Amino acid sequence: MSLELMRRWVASLPPAERSLPLLHVGEAFYTPLQALREVEKGTTIGEKLQQLVEQGRFGTDLNALAKARLQLLLERAKGYEIASLSGISIPTDKLAKLVAQGDLSNPLIQELAEADLLLAQQALKLGKKLAGGGGK
Amino acid sequence: MTPAELLAQVEALLDAGRYNEALRLLASDRALYQRVTQGVIRALESDPHGIITDINGNVWRTSDLIRYVRAGHWFGPLFNLLRSEVELLRRQLGG
């Protein structure tokens, strides 16, 4: 994937997705915007990030990714409560605390994580599609 | 050993996950350590309200990470930033 395609990929993502962790290399997760900056620098880490986008891979286990993304999403929703279909309503800061502690066992958190990972997968599919020449 | 050679060795150690050894080697040349550290701080300052997430899903604010780097505390996601800055400086030095 060229730098230009990487730019097109990031530009094609919903704005909220551009600043959520998505790709894992070494000791950190990279958001699409952070990955683009690394690619622009021309570093080895940037090359690895490009490869992940081309291959449509996160480069990590999904639990860690879900934890990282949910913390940020819940922080953005601070002050709100999230209700489940079963009628349970939990403040986002309480959920964020559970996620930060690594407790993803709450059914509501699991639902949120599953829904969010679908969005993350869509973002990656878009990158793979562009890399494969199917983005026109 | 030239500075570029030293930086190449630091990169290799970082790639191997031998972070403490990498830091010790880099710190053996105080001027190089300072240049790399300044590069990492500049990279963090370029996104002052940003976040960096480590592989355990913990979220760090770049403003906090700058304080850690200034204090000489290196951990987790900072090693990725260090890896890139070492590589960029090595290239500048012709390595």
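Residues numbered from 1 in each chain as written. Chains lettered and ligands numbered in written order. Predicted model: local features only at pLDDT ≥ 70, side-chain atom pairs only at ≥ 80, totals over all residues.

A few words now on the nonpolar core. Soluble globular proteins tend to pack their nonpolar side chains together in the buried interior. The biggest cluster of nonpolar side chains holds 57 residues, and the ones touching the most others in it are Leu23(A), Tyr30(A), Leu49(A), Leu70(A) and Val10(B). By residue number, the principal contributor to this core is helix H5 (residues 62–76) of chain A, which donates eight residues. Looking at which domains feed residues into this core, each of domain 1 (3–59 + 121–131) and domain 2 (62–117) of chain A supplies at least three. The residues touching Leu49(A), leaving out its near neighbours within four places in the chain, are Leu23(A), Val25(A), Tyr30(A), Ala35(A), Glu38(A) and Val39(A). (Core = buried A, V, L, I, M, F, W, Y, C linked by C-beta atoms within 7 Å. Buried ≥ 20, exposed ≤ 12 C-beta atoms within 10 Å, placed from the backbone. Helix = DSSP H or I, 4+ residues; strand = E, 2+ residues; numbered from the N terminus. Domains from an automatic or database assignment. Contact = placed C-beta atoms within 7 Å.)

This next bit is on the confidence of the model for chain B. Looking at chain B, the pLDDT average stands at 95 and 100% of residues meet or exceed 70. Here the predicted complex carries an ipTM of 0.92, next to a pTM of 0.91. (pLDDT = per-residue confidence, 0-100.)

Summarising the element assignment, Glu5(B) is placed in helix H1 (residues 3–15). Taking the C-alpha atoms as reference, Glu5(B) lies 28 Å from Ser46(B); in sequence the two are 41 residues apart.

Moving on, we get to the interface of chain B and chain A. Residue-level contacts link 16 residues of chain B with 18 residues of chain A. In terms of residues, the side of chain B that touches chain A owes the most to one element, helix H5 (residues 78–92) of chain B, which gives six residues. In terms of residue class, the side of chain B that touches chain A is made up of seven nonpolar, six polar and three charged. Here strand E2 (residues 28–30) of chain A pairs with strand E1 (residues 51–54) of chain B via two bridges, running antiparallel. In the sheet register, Ala28(A) faces E1(B), and the bridge partner there is Asp54(B). (Nonpolar A, V, L, I, M, F, W, Y, C, P; charged D, E, K, R; others polar. Pairing = 2+ DSSP bridges.)

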